[in-house]
2 protein chains.
Amino acid sequence: MDTMTDTAVLETAPAAALRINGERLWQTLMDHGRIGATAKGGVCRLALTELDRQGRDLFVQWCRDAGMQVRVDAIGNIFARREGSDPTRAAVAMGSHIDTQPTGGKFDGIFGVMAALEVVRTLNERGVTTAAPLEVVAWTNEEGSRFVPVMMGSGVFAGAFTLEHALAASDAQGLSVAQELARIGYAGVQTPGVVPGGMYAAYFEAHIEQGPVLEAHDLVIGVVPGALGQRWYDVTITGVESHAGTTPMDLRGDALLAAARLIEAVNRIALQRAPYGRGTVGHLQVLPNSRNTIAGTVQCSVDLRALEDADLLAMQEDLMACVAELQGRNPRLHIAVKPVVYFPPCHFDAKCIASVREAAAGLGYQSMEVVSGAGHDAVYVANVAPAAMIFVPCKDGISHNEAEWAEPAHLAAGADVLLHAVLRYAS
Amino acid sequence: MDTMTDTAVLETAPAAALRINGERLWQTLMDHGRIGATAKGGVCRLALTELDRQGRDLFVQWCRDAGMQVRVDAIGNIFARREGSDPTRAAVAMGSHIDTQPTGGKFDGIFGVMAALEVVRTLNERGVTTAAPLEVVAWTNEEGSRFVPVMMGSGVFAGAFTLEHALAASDAQGLSVAQELARIGYAGVQTPGVVPGGMYAAYFEAHIEQGPVLEAHDLVIGVVPGALGQRWYDVTITGVESHAGTTPMDLRGDALLAAARLIEAVNRIALQRAPYGRGTVGHLQVLPNSRNTIAGTVQCSVDLRALEDADLLAMQEDLMACVAELQGRNPRLHIAVKPVVYFPPCHFDAKCIASVREAAAGLGYQSMEVVSGAGHDAVYVANVAPAAMIFVPCKDGISHNEAEWAEPAHLAAGADVLLHAVLRYAS
């Protein structure tokens, strides 16, 4: 097995610093990854299924083995607590999620949970007691594959939506979150959002990047300043369906040509907000979709993202200006734009971010800022507690895929940074 | 019924010229349109079906009633002959097709056949005998909806492909052209391409335009200089499927963005060959086609048309230059272009074209050149005989649609022009 061979990463680190056990972390991930393992090397462990129960049970067992007290709240979030030496201190939390996509990988979510467990195991081994209590958290249904809304457990914890709304959500078979939580034994009694000793002093989440930036820069640690805000739209372009041979170019109302110009505009709009602007048309449907008929209708998505709300609004204005220009240019076209999703941008806590950056530097890891383009539990937790994230690279930036892969040495580095970021808050 | 009300068309015509009977032509079209009539006002009369047989039988009956001799050739083409006064002259032919699209209209094809019949009826009525024989032709399976190749009867007649190839073609149920011709009683004994007294001196086909040009110019007669050549391609763009949130703009291999640029280029390439250049992407498929995933693969069609072969080749070169530029701009993209269809351009006979133009002028109709962007039987016939076409407007340029509509006065005008173009050759 290809473990701990990345000497380029290790050789720059000071020898004296406290370290997690990288081989144990890797073995823990591999052992846990057998629950829901797929033939192609991935994991299918949908939220609140029997496999999720098994994944939770094993995690809870390992937490108890590490001497922690386990609580479960009413939305099924699991909190494993290691008490500190100072009973007046609020806890420092770390974690992520156990559930996966239907064709998910062995690292998305579970890495953040097992890295947190490894931090506790390391402290146990070295006999280190922190002043503040530590909590290892596994949030319910982050992926949203089986039940929406996504990031359900952390969303209820942070008050983004109500417990009742989440419990009433049902899957494609009509089974509700409430029913399934009870069935797998994780309908807890704790009130979501209430933490013994008061809300967390800080929350840290380690996660694979799920993008290509760290790999492209050949770096191992990403310091995450925040998560991009998102505005999604459904666009319907209505033109004039007509014969590709008999209709001269100047008498056309070509809906696909208009869509092409919209796609180019979305790209330009994002590039103008570098480095954090994103603009994507990923879904597009043509009617009648025949090679010798000019498209009469095109339906497509637009996905705009930015780290500042003002940028996101300016991007929306640019989009609407493009639509007006396309319609003005050809009166045979009508373009309807329907907003369908808005997530505000998230800025993580400056002090938490600095802790991650300094922890990495203290261990000799060169880091860079990598914004989160996707949602994470930390984004909701940031609404109620100081929070930050630590990214490690994943091969080719691939995630939500059975081929998802992260190097053992990179995962160990991420857990080391988590350890030292937490120690800065908990000592 | 809205018959013969377009006085603006009629008032400019000299009173003295010989005229067809517009009301009889309209009634004939409406009577014939009952065979295969659809609830939405269209016609479904697929080639070599029972309804096609009924349509053929009625046409043959009407031809016999008009005193013509009927022959059928081995591919089912029907030739109705009216002898002339000079037995040394080659016949002058006119016609089109009886079959329709599955959701076809009441005018596509059948207008050219019934206009030809109306010419003969008018000559009978006025006691006019032409020097050259006249033939009214109904070509088998022009539409190609049930059997390919399209324009089958005229294609075999002109030697574009063999009789054996056409007879072996089968429909979705596995029934062959040979079987179906025999079943409906139209497997004739005549050798395709052999005409009594030698190949036609000229062939004229009246047809609805199936495009918007005449309507846009508010004109009733289109003089058709030829038919556009066509080059069709299947294009596959392979990029990198990745997350719309986590992948920065500069690390993308967005197959749909590349497709958008290709669509814009195809449009520009056609505009550079105005007025007869055409360029269309009508079919496009995105994979995985998810709103927050950058498209990994796009498959699309490209349809290029021009009236000169040199233009068509230059357009292909421009297309390939665009593909090379797109690949050079982003090495994450691979673009494969596969040619799938080539039809050479067709130039109709200059003298036949002039006859149409002069016939229109003689009747007081202002005409314009309208190139045929679609295929027609006349395009194949032009390979073996001097040929030309007469276009009349159809409402909103719509054809291959049950909503297809042509004004009675416009159809009468087209038949009048057919009459006089034929008389110029047959007298």
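Reading the values: the criteria
Residues numbered from 1 in each chain as written. Chains lettered and ligands numbered in written order. Predicted model: local features only at pLDDT ≥ 70, side-chain atom pairs only at ≥ 80, totals over all residues. Heavy atoms only, no water. Pairing = 2+ DSSP bridges. Helix = DSSP H or I, 4+ residues; strand = E, 2+ residues; numbered from the N terminus. Axes fitted to C-alpha atoms, helices over the stretch in contact; angles between N-to-C directions. Contact = heavy atoms within 4.5 Å. Least-squares fit on C-alpha atoms with pLDDT ≥ 70 in both. Core = buried A, V, L, I, M, F, W, Y, C linked by side-chain atoms within 4.5 Å. Buried < 20%, exposed > 50% of the residue type's maximum accessible area, 1.4 Å probe, protein only. UniProt positions renumbered as here; feature names shortened; annotations may be inferred. Polar contact = N/O pair within 3.5 Å; in protein donor to acceptor, adjacent residues only side chain to side chain. 1 Å grid on protein atoms, 1.4 Å probe; cavity = no way out; pocket = protein on both sides within 12 Å on 5 of 7 lines; lining within 4 Å. Points joined across faces, edges and corners; volume = space filled by probe spheres on them. Nonpolar A, V, L, I, M, F, W, Y, C, P; charged D, E, K, R; others polar.

In the nomenclature of an unreviewed UniProt entry, chain A corresponds to Allantoate amidohydrolase from the organism Lampropedia cohaerens.

With that settled, consider the sheet that holds strand β2 (residues 78-82) of chain B. All names here are of chain B. With mixed pairing, the 8 strands of this open sheet are ordered in space as β1-β2-β4-β3-β5-β17-β6-β16. Looking at strand neighbours, the two that pair on one side only are β1 (69-72) and β16 (367-369), the edges of this open sheet. Sheet twist, expressed as the mean angle between neighbouring strand axes with direction ignored, is 25 degrees. As defined by bridge partners, strand β3 (residues 92-97) adjoins strand β5 (residues 202-208) across 3 bridges and the pair is classed as parallel. By the bridge assignment, A93 is partnered in β5 with Y203. Relative to β3, helix α4 (residues 110-126) is tilted by about 140 degrees, and along the sheet it contacts β2, β3, β4 (134-139), β5 and β17 (387-392).

What follows deals with the relation of the copies chain A and chain B. Of the transformation superimposing chain A on chain B, the axial component is 0.0 Å and the angular component is 180 degrees, with the fit at an RMSD of 0.0 Å. Put plainly, the chains are arranged around a two-fold axis. Every residue of chain A has its C-alpha some distance from the rotation axis, and the shortest such distance is that of A260 of chain A, at 2.1 Å. Most of the interface of chain A is mirrored in chain B, where 100% of its interface residues again form contacts.

A word on the nonpolar core. Ranked by size, the top nonpolar core spans 108 residues in total, and within it F59, F204, F348 and L411 of chain B carry the most contacts. Beyond its immediate sequence surroundings of up to four residues, L411 of chain B is in contact with L25, W26, L29, F107, F111, I208, V392 and A406 of chain B. Counting residues in each nonpolar core, the second largest holds 107 residues, with L25, A206, V356 and C394 of chain A among its members.

This next bit is on the UniProt feature "binding site: Zn(2+) 1" (unreviewed entry) in chain A. All names here are of chain A. Here the UniProt-annotated "binding site: Zn(2+) 1" (unreviewed entry) positions come out as H97, D108 and H207. A maximum C-alpha distance of 9.9 Å among these annotated residues, which run over 111 residues, shows that they cluster at one spot. Summarising the element assignment, D108 is placed in the loop between β3 (92-97) and α4 (110-126). Judged by its relative accessible area of 6%, D108 is buried. Look past the residues within four positions of D108 in its chain and what remains in contact with it is H97, D99, E143, H207, I208, Q210, S399, H400 and E404. Within polar-contact distance, the side chain of D108 engages the side chain of H400 at 3.3 Å. Relative to the assigned elements, H207 resides in strand β5 (residues 202-208). Discounting chain neighbours no more than four positions away, the residues touching H207 are S96, H97, D108, G109, F111, H376, M389, I390, F391 and V392.

The computed volume of the second largest pocket comes to approximately 1200 Å³. In terms of lining, the second largest pocket is formed by 48 residues, of which the most central are H243 and N292 of chain A together with R305, A374 and H400 of chain B. Broken down by secondary-structure element, the contributors of at least two residues to the lining of the second largest pocket are β9 (242-243) of chain A together with α8 (213-217), β8 (229-238), β14 (334-343) and α12 (377-381) of chain B. Of the residues that constitute the lining of the second largest pocket, the class distribution is 20 nonpolar, 19 polar and 9 charged.

Before going further, it helps to examine the UniProt feature "binding site: Zn(2+) 2" (unreviewed entry) in chain A. Residue and element names in this part refer to chain A. Here the UniProt-annotated "binding site: Zn(2+) 2" (unreviewed entry) positions come out as D108, E143 and H400. For this annotated set, covering 293 residues, all C-alpha atoms fall within 9.7 Å of each other, a compact arrangement in space. Looking at the secondary structure, you find E143 in the loop between β4 (134-139) and α5 (152-157). For E143, the residues in contact, after removing those within four places along its chain, are H97, D99, T100, Q101, D108, V150 and H400. You can see H400 is positioned in the loop between β17 (387-392) and α13 (408-426). The class for H400 is partly exposed, based on a relative accessible area of 35%. Beyond its immediate stretch of four places on either side in the chain, H400 contacts Q101, T103, D108, E143 and Q210.

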